[in-house]
Amino acid sequence: MEILKIGITGTVGAGKTTFVRSISEIDVVNTDRVASDETALMKATTTVAFDFGRLTLNSGQILHLYGTPGQFRFNFMWDILMPKVHGYVFLVDTSRPQDFRASRRLLNYMKQKTQSPLIVGLTHADSHKAWKSEDIALTLGLSNFVTKPPIIEVNATNSHSVAQCLILLVEQLIQQGINVV
Amino acid sequence: MVQSSVLQDSLQRFVSSTPDIQGAALVSPDGLPISSILSSDMDEERTAAMSAAILSLGERIGQELARGLVERIFVEGEKGYSILVSCGTEAVLLVLAGKAAKQGLLFLETKRLVAEIKPLLH
Ligand SMILES: Nc1nc2c(ncn2[C@@H]2O[C@H](COP(=O)(O)OP(=O)(O)OP(=O)(O)O)[C@@H](O)[C@H]2O)c(=O)[nH]1
Ligand SMILES: [Mg+2]
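Because the structure is a prediction, the values reported are computed rather than measured.

Draft legend 1. Summary view of the coordination of the magnesium ion (ligand 2). Residues and elements named next belong to chain A. The coordination sphere of the magnesium ion (ligand 2) contains the protein donors Thr17 (OG1) and Thr47 (OG1), at a distance range of 2.0 Å. Here Thr47 lies in strand S3 (residues 45–47) and Thr17 lies in helix H1 (residues 16–23), a separation of 30 residues in the sequence. Each member of the pair Thr17 and Thr47 is classed as buried.

See below:
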């Protein structure tokens, strides 16, 4: 059985590192450093290379999880990681409409890098500022996709929620004929 | 942090006084440019981000594969060398050198520069 490489991407603070940490069965390779840009207004640290985690599913399938950095200056990491993924999760913080344009741009960038199936994961859906899923789909321009990717709420801090998201993605991969089992 | 012109002067002196050194950049650990002497075809922001990324991975290797504290990352290319060293918690130093550079001298001079810069950063 092949190892599936799964990308976890999205703009700064969307929850990529938290997502990988919540589910990985190994100590996550952590490359977070103290943030000195505008990220610091949001949180203390930011990813400068990638997060790496691993998850073995009940089926025995092994997932390698690669969390990307979020800032555009790290796009060389996107270029390295994304073309190799079998599928990816695109995280969007639903409580930060000021980042939606950046999300849309990032999503288009990723689409250039890989044709692999994706899932849009909506984080911070528990926030009172959270936008509705339909509105986010619209601002991201998801209707322009040949096949519109599934959109689900995911709480990156909750391992159960993260697992659900990954299982849905693996189902997508199977559906799209990627040799999973 | 000190005036960036002081740092810029240090880097400038280092690059012009050390044989075969072609450039130097000081960047924050999260990959933002602080000060640099680079040829005009190198993008300062990309260079800064790449420097931070590779140092973070090198430090992970030192830690996870029990190599201890990482002194430097040394990338040897066909046309020259790139050296990355940590300047404490505040910065990362990148040094670019030509193939003719003597490694021992390169490391020594880099160390000296770090010692000069570190106190300026606090
Ligand atoms: N309440 C709530 N908090 C969340 C949720 N998802 C993520 N978070 C929090 O949001 C923050 C996300 O931070 P990171 O995981 O570092 O974000 P990142 O995407 O890796 O950011 P960069 O590496 O800087 O691009 C963390 O503080 C999480 O605890 C969610 O669904 N609900
Ligand atoms: Mg991160």
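Draft legend 2. Main features of unusual backbone geometry. Of note in this structure, His124(A) is not a glycine but carries a positive phi near 55°. Looking at His124(A), the relative accessible area reads 36%, which means it is partly exposed. Within the chain, Ala66(B) stands out as a residue other than glycine whose phi angle is a positive 50°. Along the polypeptide, Ala66(B) turns up in the loop between helix H2 (44–64) and strand S3 (73–76). Given a relative accessible area of 59%, Ala66(B) falls into the exposed group.

Draft legend 3. Local environment of the interface of chain B and chain A. Taken together, the contacts link 16 residues of chain B with 17 residues of chain A. Its largest share of buried area at the contact with chain A, chain B owes to Asp30(B), Arg46(B) and Arg60(B), together 37% of the area lost on that side. Our count for the chain B to chain A interface comes out at 2 salt bridges. Across the salt bridge formed by Arg73(A) and Asp30(B), the nearest N and O atoms sit 3.7 Å from each other.

Draft legend 4. Focus on the sheet that holds strand S5 (residues 62–67) of chain A. All names here are of chain A. Spatially, S4-S5-S1-S6-S7-S8 is the arrangement adopted by the 6 strands of the open sheet, whose pairing is mixed. For this open sheet the edge positions go to strand S4 (51–56) and strand S8 (151–153), each flanked by a neighbour on one side alone. Each strand of the sheet is rotated relative to its neighbour by a mean of 25°, with strand direction disregarded. Note that strand S7 (residues 118–123) and S8 share 3 bridges and pair parallel. The residue of S8 that forms the bridge with Leu122 is Glu153. Along the sheet, H1 contacts strand S1 (4–10), S4, S5 and strand S6 (87–93); its crossing angle with S4, the most-contacted strand, is approximately 35°.

Draft legend 5. The arrangement of empty space enclosed by the protein in detail. Residue and element names in this part refer to chain A. In total, this model carries 1 cavity of 30 Å³ or more according to the counting rule given. Of the volumes computed, that of the largest cavity is approximately 30 Å³. What lines the largest cavity is Thr11, Val12, Ala14, Val92, Asp93, Arg96, Asp99, Phe100 and Ser103. Sorting the residues of the lining of the largest cavity by element identifies S6 and helix H3 (100–113) as the ones contributing at least two each.

Calculation criteria
- Residues numbered from 1 in each chain as written.
- Chains lettered and ligands numbered in written order.
- Predicted model: local features only at pLDDT ≥ 70, side-chain atom pairs only at ≥ 80, totals over all residues.
- Heavy atoms only, no water.
- Donors = N, O, S within 2.8 Å, 3.2 Å for Na, K, Ca; no water.
- Helix = DSSP H or I, 4+ residues; strand = E, 2+ residues; numbered from the N terminus.
- Buried < 20%, exposed > 50% of the residue type's maximum accessible area, 1.4 Å probe, protein only.
- Contact = heavy atoms within 4.5 Å.
- Buried area = accessible area lost by both parts, 1.4 Å probe.
- Salt bridge = Lys/Arg side-chain N within 4 Å of Asp/Glu carboxyl O.
- Pairing = 2+ DSSP bridges.
- Axes fitted to C-alpha atoms, helices over the stretch in contact; angles between N-to-C directions.
- 1 Å grid on protein atoms, 1.4 Å probe; cavity = no way out; pocket = protein on both sides within 12 Å on 5 of 7 lines; lining within 4 Å.
- Points joined across faces, edges and corners; volume = space filled by probe spheres on them.

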